[in-house]
Structures are given as structure tokens and as C-alpha cells.
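Coordinate inspection notes
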Amino acid sequence: MNKRNLGRNPYYAITELDYGILGLAVGDALGVPVEFSLRGRPEPVLGMRGYGSFDLPPGTWSDDTSMALCLADSIAQTGGIDYADIMERFSAWLNRGQYTPEGAAFDVGNTCRDAISRFDTGVAPLECGGTREKDNGNGSLMRILPLVFYLRSRKIAVASGEGRALVHNVSALTHAHPRSKLACVIYCRCAELLMEEYEAWRSGLPSWCPERKLAFLSNPPVEEMQAAIAELLGFYACEPEYAGEVALFAELAEPGFLQTPEASIGSRGYVVDTLRTALWCFWRQRGYRDTVLAAVNLGGDSDTNAAVAGGLAGVWYREGTDLGIPDEWRQQLVNRSLIDRICSDLSYRLGYNGDLIVEEPAEDEWRDAEMEDIAERFKGCMLGITCADSSGDISRLMLLVAAGMAGAKERAESRGIGDFMASGTGQMIDYWLACGGGGGTGAGVGGSGKGGTGAGGAAKSGSRDYPGFVWGRISERLAKNKKLFTGLAQDGDRPSLNGSFVAGLAPVGLFLFDSPKHAFLVGRRAGSLITEDEDYRLLAGVYAAAIALLVDDAGSIEFCVEQAKTCSDSLPGSDAAHNGVASNDAAAKRLDELLQSSVLQAGLKGALLGKHSLPDCPSDAAVPLKLVEDVAEMLFDEANCYYMTDVCERIRCPRRRTHSADQA
């Protein structure tokens, strides 16, 4: 794995945290295709495979990883344990497809679903979890690992009163029965001890020695882990609420447990079975690969069993020897960039720096880190459109709009836009030169920018409260050359059938990423200068708003598109027959058809996943990819400037935002 440097901490390196969460995710992905299968199948799992139980590609992970990422991201964003925030993220995962490999939740246990449903109806977070004996599935055990990293960073021992209480509460968000809470404490203590043993061993070495490392890792501290479990069970035997549960876990502290035959190891989704399976596999096998494959091939709830075992194996074996997490498995994880981003954010928030823990970063540094991720979404959106645009016409329009919105002719020329446009048509370079410098502020939606006409509400110059200032920057550029863009987008008297030209207006949504309603207004007005077709005008507005929501990490493509449609219906005095989308079935259906254009979809996916999640772009793209990336960076710099200087306290605070209908 390469070291990551997102511009926030030049000394940041992968840590035990990365290995633990990646170990969990890889184990989960290995088990997904054979979940619910019987033990002893003719073709055991030997590596990453796809399809099977859920008909999904290789490397697809499930609810185990998603819910662990929800917990990890909540800690990263809040800097602590905020139960309501954790539940909000669980809800975003289940209901809107966030924290998923491909934009939709496809596997969820009944106890977790019921708890999230209770939270969505207003039940307090710590009262949502199931308390019945049949609510002892493994849904809290599978996601608890990120809490261990928080406790270690705050020097809170898992076995302490404070540590156990925190583990109890995080489990109780979905699984509040004492049995589930006790299982989570045992697992967290085991993970904590592995990290302690590794740290103590490494700190005692005069120098790093691969041979010593291999010998050390080949002998996990089984006896120490069993002793720690016995100590915990001694605590709980004295507590009336838990005393009756202790006997269910007592065998884990006995030396004879390692000799338990495979036939006696259950692999159901029962929390006691999953904990027994994870420890049995970890203690009996050597190396990450053998540990997780043993768990997967026990059948049953294979993904969760392997995820729980993989978390332990990840923090112990790590990387650098044949015992570590295989590189080819890590590389096959779907949406790996999301996992890496959350691991990096959590490491930085908790102060992990390699194997050290350092001072927590300042809030302004934290905000800078978030903006790095948004910059990747800018690039992903524009590069995705370019790679899907065979003619290059849409990409040229996109570059011109972006350069015009950035409003800096000299900077644009220094990045080679002028030379590129000069190599095209005379019309194109003349248009670009006309839009290169400055730009005024409008007096409203479609207001008094030099080339714009129409009435709108009063706008505050330089304010993000209204889109007038943006309109002032682009209205003259679009209006002056309406004929040129009409020629790109239309065939005869009618616009193109798929409306792909709308992708060229994606920079509107990128620039207004923190204000989807304003992106809709400006996008629709820009569309009206290109075409007189009302469907395409609405499409331009909805597309810009959806891009804004995706860049701001508001959910899956489907969710953001639906939210974008509500922008038109929420405008004062909007006429559903002409302006509304969400309340007009015919208009919504028409837009859904237009949005299926491959170019439009490429922009949406790039805005959702960022640059590094794009497939390989063709080397012979009609527009140079380096040029597109440079323009995206220039546009981001300008948008970030407005973002950072916004007078709205909602924006200036560290962002923990949700997009409601009136916001979107």
C-alpha cells in the first residue's frame, strides 16, 4: 500500500487503523459471494470471487464494512462519540446508499433495520437497539472495531469502566441486549491487546528487522488474549445484568478451546457464534490469508465471520511479510477510495501518525482536508464527461464555462487553454477570448450581467446567498455565443435527442457545490440560453443541482437526482406544469430518460466517486485530459475561495450538513 498524503500532514503513513479496517473490508468482500452457503462445498473459496449470493462483482463489500465506515466517519467528523450522528450515518447508509460500494445498501440484518427505523421515527439513539434475546445477531460486533482506535487515541482502556460503558453504548445503538454488549467488549479488548503487544515488541527493537518481524507475527499472543478474556468475565460475573451471560463466553478463556473441532464451531449470524468463529480462526491459523479463508469456508454468515476475524488479523499481521493482507485482495475492493478516505480522515483526526499518536489537528487544517476530497470530485466530474464525449464538443463547452466562471484570463492562458482552443475553430477561440477576463455581478437570477436579461430577486454582490454574482460571470459568455452552442447541441431545429450538451454546464454545479438550489437556478438559466426546449432547460437545472449534491457527498446518484428535482418545485410561484419536476410525473419521467445519456452519467459518477475511481480514460480523448484536470483545479480554487470566505456560519463551521428539501 502506498503512503497517502492528502496535503494535510506530510508525515502521515498507514497505521494499525488502516490495517484493521482494510482487514475487515477484505474479509467481508471475500465472504459476500458465498454468504448463506453450506459448509464443505465442492469448491472452497481461495481468493476474491464475484457474483454468487448477491450477483455482485468481485471485491464488493456489504453492511459489515458499511456500518463500520459509518462509525469511523462519525468519529472522524465529530472528534468524539456522538450517538445521534452515528445513527444519522446508519440511516444515510440504509436509506440513501451512502457508505456503500456502488450506491445502494443490499444486505441488512433485521435488528439493525429495526433500530434504524426507530431512530428515523424520533426514538432517542440509545433507546433504538433491540433488547430481546432474539436480537443477539452479530450486527454490532461486526462494526465495533473503529471504536478501539478512538479509545486508544484517548488513552481509555477497554476494560476500564469508561471504556466498557462506551462499548456498551455503541453496541446498544442497534443491539442493546447484554449478550451483544459483552461480546463487543471481549472483541474490543482482544483487538486492543494485539495492538499493545505489537507496539511493545516494535519499540523494543534497536532497528527494524524483517526476520524478527516474521518470527514475532507467526506467534499471536493467544495465552495473553485468553487471560484478558478471563479477567473481563470476572468483572461481568459480579454485575447482575451480565452475570447470566458469562457462561456463554467462558470457553474462550480455556486452553482447550483451540482444540475444538470444526463441527462444533457455529457459523450462524448469532453474536456468540461469530465471536467464537473469529477467535477460533485467528488463533488456529497463521497469516491473514489463512485466517479469513478459514472463516469464509465455514459457510453460513460467511461475510461477517470473515470481517470480524479479518479485523483482528489485519491489526496483527498488517503488511510487509507473506502473512499480511494480500495486496491483490486490497486492490480488488470496490470503491476502495472511500475506505482509504475515511481511514485517512480518522487517522488524522485521532492523531495517528504511523505508529505514533500526535496532537489533534486544528479545525482550519481539518477543513482543508475535506476540501482536498472535494477537489478530487471536481476533477472526477470533468474528466468523466471528457472520457465519455467522443466528439469533444461537450468538453469544449464545459472548459469554456469553467474558464469563464473562474474569470481569470491570464491564469487560463498559462494552463494552455488558449492554445488548445486556437487549434480548434476560429469561433471557439474568439468566444474564449471574449470570456477570458473578469465579469461583473448580476442583480438576480438571470439579472444584469453584461449579456444576461430577465428579472430576478435582488442579489448581494459577492454573497453566496443568491446566484446573481455567478450569473454575472457566465451570462455574457453564454449569451454572446448562443449561436455557437446552439450549433453544438442541436440538429436542425431540434436539440439533440439525448440532451448530452447539458453535461457542458456541469461547472455550474461544481462551482455552487454548497448550494444546490442556486445551482439549479443558474443551470436552468444557462440552459435557456442554449435551447428553447423546456425539458432541456429543466434538465440543465436538475443536472447542476445533482452535481452540487454529489460533490458535497450527500448520497447516491439516485438520491441526489431526486433531491435535485425538488429544487424546481420549492421555488416561489413555480408552475408545476412548466417549472416543476418532482411534482410533475411526466416531466420527471422525461428527465429520467434524458439523464441516461452516457456523458451525463459519467459526470454524475465522477462527482460521486472522485478522480481516482474513474476507469482508464482513452489516450486519444478529443480534449487533452491534463488540460481538463488543470481547468478543474482552477475552477476549484475559485469555488474554494468563496466557500472559505462565506459569511454564512453554516458553511464556515466544520461541515456536518444534511440536505433537506429546502436546502436542496
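Just so it is clear, the structure is predicted and the values come from calculations on it, not from any experiment.

Looking at the overall build of the chain
- Secondary structure summary: the chain contains 31 helices and 4 strands in total.
- Out of the 664 residues belonging to the chain, those deemed buried represent 60%.
- The contacts of the chain with a sequence gap of at least 6 include a subset with a gap of at least 24, amounting to 74%.
- When the accessible area of the chain is evaluated, it comes to approximately 24,700 Å², of which 50% is carbon and sulfur surface.

A closer look at the side chain of Glu-35
- Considering the arrangement of structural elements, one finds Glu-35 in the loop between α1 (16-31) and α2 (63-78).
- For Glu-35, the contacting residues outside a window of four places in its chain are Ser-53, Phe-54, Asp-107, Gly-300, Asp-301, Ser-302 and Asp-303.

Things to note about the pattern of salt bridges
- Taken as a whole and assessed by the stated rule, the structure comprises 25 salt bridges.
- For Arg-152, the salt bridge identified is with Glu-16, shortest N-O distance 3.0 Å. Note that Arg-152 is positioned in helix α5 (residues 145-153) and Glu-16 in helix α1, a separation of 136 residues in sequence. Exposure class is identical for Arg-152 and Glu-16. Each is buried.
- Among the salt bridges present, the one from Lys-379 reaches Glu-376, with a minimum N-O distance of 3.9 Å. Pair noted here: Lys-379 and Glu-376 are both in helix α17 (residues 363-388), with a separation of 3 residues, about one helical turn. Neither Lys-379 nor Glu-376 differs from the other in exposure class; each is buried.
- Overlapping salt bridges bring together Asp-73, Asp-85, Arg-89, Arg-341 and Asp-345 as one network.

Regarding the packing of aromatic side chains
- This model, assessed by the stated rule, comprises 8 aromatic pairs.
- Seen from their ring centres, Tyr-198 and Trp-316 are 6.3 Å apart, and the 80 degrees between their planes marks the pair as edge-to-face. Taken together, the residues span a long stretch of sequence, with Tyr-198 in helix α7 (residues 178-203) and Trp-316 in helix α14 (residues 302-317) at a distance of 118 residues. The two residues Tyr-198 and Trp-316 agree in class, both being buried.
- Ring centres of Phe-378 and Phe-636 lie 5.4 Å apart, and the angle between their planes is 80 degrees; this geometry places the pair in the edge-to-face category. Placement of Phe-378 in helix α17 and of Phe-636 in helix α30 (residues 625-644) is noted, with a sequence separation of 258 residues between them.

Examining the state of the cysteines
- If you walk through the whole model with that rule in mind, you get 0 disulfides.
- Here Cys-184 is not disulfide-linked; the sulfur of Cys-188 is the nearest cysteine sulfur, at 6.3 Å.
- Residue Cys-184 is classed as buried on the basis of its relative accessible area of 0%.

Overview of helix α28 (residues 585-594)
- Ala-587, Ala-588, Leu-591 and Leu-594 are the residues of α28 that are buried. Buried residues of α28, seen end-on, are gathered within an arc of 125 degrees and therefore sit on one face of the element. Residues of α28 that are exposed and angled more than 90 degrees away from the buried face: Asp-585, Ala-586 and Lys-589.

Re helix α13 (residues 288-296)
- Considered for burial, the residues of α13 that qualify are Tyr-288, Thr-291, Val-292, Leu-293, Ala-295 and Val-296.
- Buried residues belonging to α13 abut α1, α12 (271-284), α14 and α15 (327-332).

Section: the side chain of Ser-267
- Among the secondary structure elements, Ser-267 is positioned in the loop between α11 (246-249) and α12.
- Relative accessible area serves as the criterion here: at 11%, Ser-267 is assigned to the buried category.
- Contact partners of Ser-267, with chain neighbours within four places excluded, come to Arg-39, Asp-273, Thr-277, Leu-298, Gly-299, Gly-300, Asp-301 and Asn-305.

Observations concerning the packing of α12 against α14
- Across the interface, α12 lies against α14 with an axial gap of 8 Å and an inter-helix angle of 40 degrees. What the angle tells us is that α12 and α14 run oblique. The two elements α12 and α14 cross, and the hand of that crossing is right-handed. Contact with α12, carried on its side by Thr-274, Thr-277, Ala-278, Leu-279 and Phe-282, involves Thr-304, Asn-305, Val-308, Ala-309, Leu-312, Ala-313, Trp-316 and Tyr-317 of α14 and no other residues of that element.
- Split by residue class, the contact of α12 with α14 holds 9 nonpolar, 4 polar and no charged.

What about the environment of Gly-299?
- Here Gly-299 shows up in the loop between α13 and α14.
- Residues Gly-299 and Gly-31 lie 268 residues apart in sequence; the distance between their C-alpha atoms is 8.6 Å.

Points about unusual backbone geometry
- Here Tyr-99, not a glycine, exhibits a phi torsion of approximately 60 degrees, which is positive.
- Following the sequence through the fold, Tyr-99 ends up in the loop between α3 (83-96) and α4 (110-120).
- Of note in this structure, Asn-335 is not a glycine but carries a positive phi near 55 degrees.
- Within the element layout of this structure, Asn-335 appears in the loop between α15 and α16 (336-350).

Some words on the confidence of the model for the chain
- Overall, the prediction assigns the chain a mean pLDDT of 76, with 71% of residues at 70 or greater.
- Between residues 408-412, whose pLDDT stays under 50, and residues either more than four places distant or in other chains, the model counts 11 contacts.
- The low-confidence segment residues 476-497, where pLDDT is below 50, has 49 contacts with residues more than four positions distant or belonging to other chains.

Notes on the environment of Ala-230
- Mapped onto the fold, Ala-230 is located in helix α9 (residues 222-237).
- Along the backbone, Ala-230 and Glu-254 are 24 residues apart, and their C-alpha atoms lie at a distance of 8.5 Å.

Quick look at the packing of α1 against α2
- Running from N to C, α1 and α2 point in directions that differ by 160 degrees, and their axes come no closer than 9 Å. Here α2 runs roughly antiparallel to α1, going by the angle between their axes. Here α1 contributes Ile-21, Leu-24, Ala-25 and Asp-28 to the contact with α2, which in turn contributes Asp-64, Thr-65, Ala-68, Leu-69 and Ala-72.

Details of the environment of Val-315
- Relative to the elements of secondary structure, Val-315 occurs in helix α14.
- Look at Val-315 and you get buried, because its relative accessible area is 0%.
- Each C-alpha atom, one on Val-315 and one on Glu-192, is 9.3 Å from the other, the two residues being 123 residues apart in sequence.
- Contacts of Val-315, omitting those with residues within four sequence positions, involve Glu-16, Tyr-19, Gly-20, Phe-149, Leu-194 and Met-195.

Cut-off values and rules
- Residues numbered from 1 in each chain as written.
- Predicted model: local features only at pLDDT ≥ 70, side-chain atom pairs only at ≥ 80, totals over all residues.
- Heavy atoms only, no water.
- Helix = DSSP H or I, 4+ residues; strand = E, 2+ residues; numbered from the N terminus.
- Buried < 20%, exposed > 50% of the residue type's maximum accessible area, 1.4 Å probe, protein only.
- Contact = heavy atoms within 4.5 Å.
- Areas by Shrake-Rupley, 256 points an atom, 1.4 Å probe, with all protein chains shown as cover.
- Salt bridge = Lys/Arg side-chain N within 4 Å of Asp/Glu carboxyl O.
- Phe/Tyr/Trp six-rings, centres within 6.5 Å; stacked < 30°, edge-to-face > 60°.
- Disulfide = S-S within 2.5 Å.
- Arc of directions from axis to C-beta.
- Axes fitted to C-alpha atoms, helices over the stretch in contact; angles between N-to-C directions.
- Parallel < 35°, antiparallel > 145°, perpendicular 65-115°, else oblique.
- Left-handed = near helix turned anticlockwise from the far one by under 90°.
- Nonpolar A, V, L, I, M, F, W, Y, C, P; charged D, E, K, R; others polar.
- pLDDT = per-residue confidence, 0-100.

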